[in-house]
Amino acid sequence: MTPYRTGPSLTELPVPVLPQRRRRIYAIIGLLAALGGVIVFATTLGSVQIPFTTTFRLLLDQMPGVDIASTWQSTTETIILSIRLPRVILAGIVGAALSIAGATYQGLFRNPLADPYLIGVAQGAALGAVIGFSLPFQWQGAGFGIIPLLAFTGALVTVFVVYNLSRVGKTIPVTTLILAGVALGALCSSIVSYLIITSGDKMHGIMFWLMGSFSLSEWSEVRVVLPYFITGVTIILLYARSLNVMQLDEEQAQQLGVDVEKVKRILLAAATLITAAAVSFVGTIGFVGIIIPHIVRLIWGPDYRFLLPLSLLSGAVFLILADLVARTALAPMEIPVGVITAICGAPFFLYILRRKRKVVFF
Amino acid sequence: MKKRLCYFGLLIALFGLLAACAPPAQETVPSGGVTDQLGRTVELDGIPQRIVSLAPSNTEILFALGLDDRVVGVTEYCNYPEAAKDKEVIGGFNTVDLERVVALSPDLILATSMHEDEALRALENRGLTVFALDPTTLDEVLEAIGLVGEITGKVEEAAGLVNDMKERMSAVTEKTDSLSPEQKPRVFFITWHDPLMTPGSGTRHDELIQMAGGVNIARDLTSYADISLEAVIEADPEVMIAGVGMGAGDDLPAQFIRTEPRLGGTDARRNDRVYEVDVDIAGRPGPRIVGALEEFARLIHPELFAGD
């Protein structure tokens, strides 16, 4: 039997593949739309039942130029606008911050295991927070307490010490940086453990903070985190091309006209800043910063000009959804959101890894 | 003279009648606010009608003052009295579900020092009135009851309850105060077995042991602390008490002190003086704490309190 075919031969078939670039731009637009949808969706759900239409109209009413006669109770408005919405927005910001910081660290260190907490941010923040809990007095300003402030300071001081410890002349060898970060992080963690066992009745508060939670998010927190987030993200996005070049040898990158040490310093500072800001209000939420950039890389490739914004958006969507599960699955009890990110994130990551089965670029 | 007395009596009766007709004096909120046990001054708009309790001990105080109908929200752990279980649940201890609390539109939220760092501020920022209790000692429990009475318009009920509790407390201490140091047995109270935990000085359990005429072997420790098995064996307790009834595996501490071979040589085990108490009663700084004191007294000094 002779094979008989009609139509164009294989070589003549039009290639149904969009150019990579266009595909990624569509992905960014798609994710932006998804983010908007997820924000509305997550705001309509909660432990108190509020009809979808009420929530939708209430949200619409907040848009400039839109005025809808309110048929809802003031408690409904409080629940939607000052409990759920700030929580959803903060979860989005933190997810975005951790993901883009993770992607940046992985690029900087050329190490797939790098996460936003690798060089001591989380441990430093935890130490600061626990010291805050042990203080005999309370302080409050600008709408937040002393604990986020000390956590933020702790994170920045730790990374500053790590940075200076690993500096050799004018260069920062990546290996030394990671080792110093891990060692100092371990030191901070052990001090935290010591403070926890001697903290007596403050222990529950500390454990709650360490597990990470969005349960008490407020607009004031969003307002504090947002400037750091925007500054850090803008800087990182501006250096996306340099990160691409740095995926080669550092020496080669230098020859291609990238001031490697300067870029390293700037990116380290930016990524640390946004991670510290995120961690200081919600505690350490694991898995997001490592898994989201890898998933994005596996789906859309390793070009940092797209990897960074795509990680940003995916991270926001992912953490908003994870927090939605955390607060509704066992309502009125809450599951620590870090548990959800690990339970949902890890299997999905493994699935993508198996399905793609291609070389992972870093 | 007799007639005069009679008039006087009539006058008093008349006043009594007037007082009965007038609106009850306690049904007003103290002006200028009330200072709670965290030192915050809390202003109330009127007698609270919708109260949310953020701790089992708070719930017990509210119900003991007859505020059953005004309590609209409790925690998952509020299991006493029975009627508390029918109230809407607003979360656990540390995890206050903000939107459920707001949805109940409470005019008073009764918190504890545990909520100081986080939930208290979050609730206040949503325009809610929060009053915090922080009773550690028995005197502070009595004070807390008085304060709740003050802010809920139940001053008389609170005073009655406090008096009753004081009487029962002094009934115990009258007998134990006169004991000489040699007559006070060494007591080991175990809150958890792994890690081995015990209440040190400054805790309510320590105070209960002292008032019941015992000596806490962990006096040198502060707060609820880890203690080594060696230290327990060396202190050679004459009485061992385990707190049970808290969550899954609740009787494990009791099993531990009954069966742990290395404790076999202690005075308490040789004389079979190993007991257990319900931590819901012995642990909560509420009205039932005086019952816990009486139970401690019976366990530590059965010879003095056998008939009670």
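Above: the structure in question.
Only a predicted model underlies this, so the values are computations on that prediction, with no experimental measurement involved.

**Q** Quick question: what am I supposed to make of helix 3 (residues 74–109) of chain A here?
**A** Residue and element names in this part refer to chain A. Between its first and last C-alpha atoms helix 3 spans 51 Å; for 36 residues at 1.5 Å apiece the expected length is 52 Å, and the two agree. Taken as a whole, helix 3 carries its principal kink of about 35° at Arg84; the proline Pro86 stands between one and four residues after it. With 31 of 36 residues buried, helix 3 lies mostly within the body of the structure.

**Q** Sorry, what's going on with the packing of helix 7 (residues 204–211) of chain B against helix 12 (residues 289–300) of chain B here?
**A** Geometrically, a packed helix pair is captured by the angle between its two axes and the distance between the axes. All names here are of chain B. Put simply, helix 7 and helix 12 touch, their axes get as near as 8 Å, and they point 50° apart. Judged by the inter-axis angle, helix 7 sits oblique to helix 12. Our pair here, helix 7 against helix 12, has a crossing hand that is right-handed. Each of Arg204, His205, Leu208, Ile209 and Met211 in helix 7 lies in contact with helix 12, whose residues at this interface are Ile289, Ala292, Leu293, Phe296 and Ile300. In terms of residue class, the contact of helix 7 with helix 12 is made up of eight nonpolar, one polar and one charged.

**Q** Hey, could you run me through the sheet that holds strand 11 (residues 215–216) of chain B in this one?
**A** Strands belonging to one sheet form pairs held by backbone hydrogen bonds; the direction of such a pair is parallel or antiparallel. All names here are of chain B. Taken in spatial order, the four strands of this open sheet run 11-8-13-14, and their pairing is parallel. Single-partner strands in this sheet number two, and they are strand 11 and strand 14 (274–278). Pairing of strand 8 (residues 186–190) with strand 13 (residues 239–244) involves four bridges; the strand directions are parallel. Considered in strand 13, the bridge of Phe189 is made with Ile241.

**Q** Whenever I open this one, a positive patch on the surface confuses me. Can you help?
**A** On the surface, Arg167, Lys170, Lys262 and Arg265 of chain A cluster together to form a positively charged patch. Topologically, Arg265 of chain A is positioned in helix 11 (residues 260–282).

**Q** I would appreciate a short explanation of the interface of chain B and chain A in the present structure.
**A** By a widespread convention, an interface's size corresponds to the accessible area lost as its parts come together. Chain B puts 25 residues into the contact, and the matching count from chain A is 32 residues. Carbon and sulfur atoms supply 55% of the area that chain B and chain A bury against each other, a total of about 2500 Å² over both sides. On the surface where chain B and chain A come into contact, there are three salt bridges. Here Arg84 of chain A and Glu99 of chain B are joined by a salt bridge, their closest N and O atoms 2.6 Å apart. The tally of links from chain B across to chain A stands at nine residue pairs in polar contact (both at pLDDT 80 or more). Listed by contribution, the elements that provide at least two residues to the side of chain B that touches chain A are helix 3 (98–103) and helix 4 (119–125) of chain B. Counting residues per element, the side of chain B that touches chain A draws most heavily on helix 3 of chain B, which supplies five residues.

Criteria and cut-off values
- Residues numbered from 1 in each chain as written.
- Chains lettered and ligands numbered in written order.
- Predicted model: local features only at pLDDT ≥ 70, side-chain atom pairs only at ≥ 80, totals over all residues.
- Heavy atoms only, no water.
- Helix = DSSP H or I, 4+ residues; strand = E, 2+ residues; numbered from the N terminus.
- Expected span 1.5 Å × (residues − 1).
- Bend = angle between axes of the 7 residues up to and from the residue.
- Buried < 20%, exposed > 50% of the residue type's maximum accessible area, 1.4 Å probe, protein only.
- Axes fitted to C-alpha atoms, helices over the stretch in contact; angles between N-to-C directions.
- Parallel < 35°, antiparallel > 145°, perpendicular 65-115°, else oblique.
- Left-handed = near helix turned anticlockwise from the far one by under 90°.
- Contact = heavy atoms within 4.5 Å.
- Nonpolar A, V, L, I, M, F, W, Y, C, P; charged D, E, K, R; others polar.
- Pairing = 2+ DSSP bridges.
- Patch = residues over 30% accessible without salt bridge, like charges linked within 9 Å, V, L, I, M, F, W, Y side chains within 5 Å.
- Areas by Shrake-Rupley, 256 points an atom, 1.4 Å probe, with all protein chains shown as cover.
- Salt bridge = Lys/Arg side-chain N within 4 Å of Asp/Glu carboxyl O.
- Lys, Arg positive; Asp, Glu negative; His and termini not counted.
- Charge placed at Lys NZ, Arg CZ, Asp CG, Glu CD.
- Buried area = accessible area lost by both parts, 1.4 Å probe.
- Polar contact = N/O pair within 3.5 Å; in protein donor to acceptor, adjacent residues only side chain to side chain.

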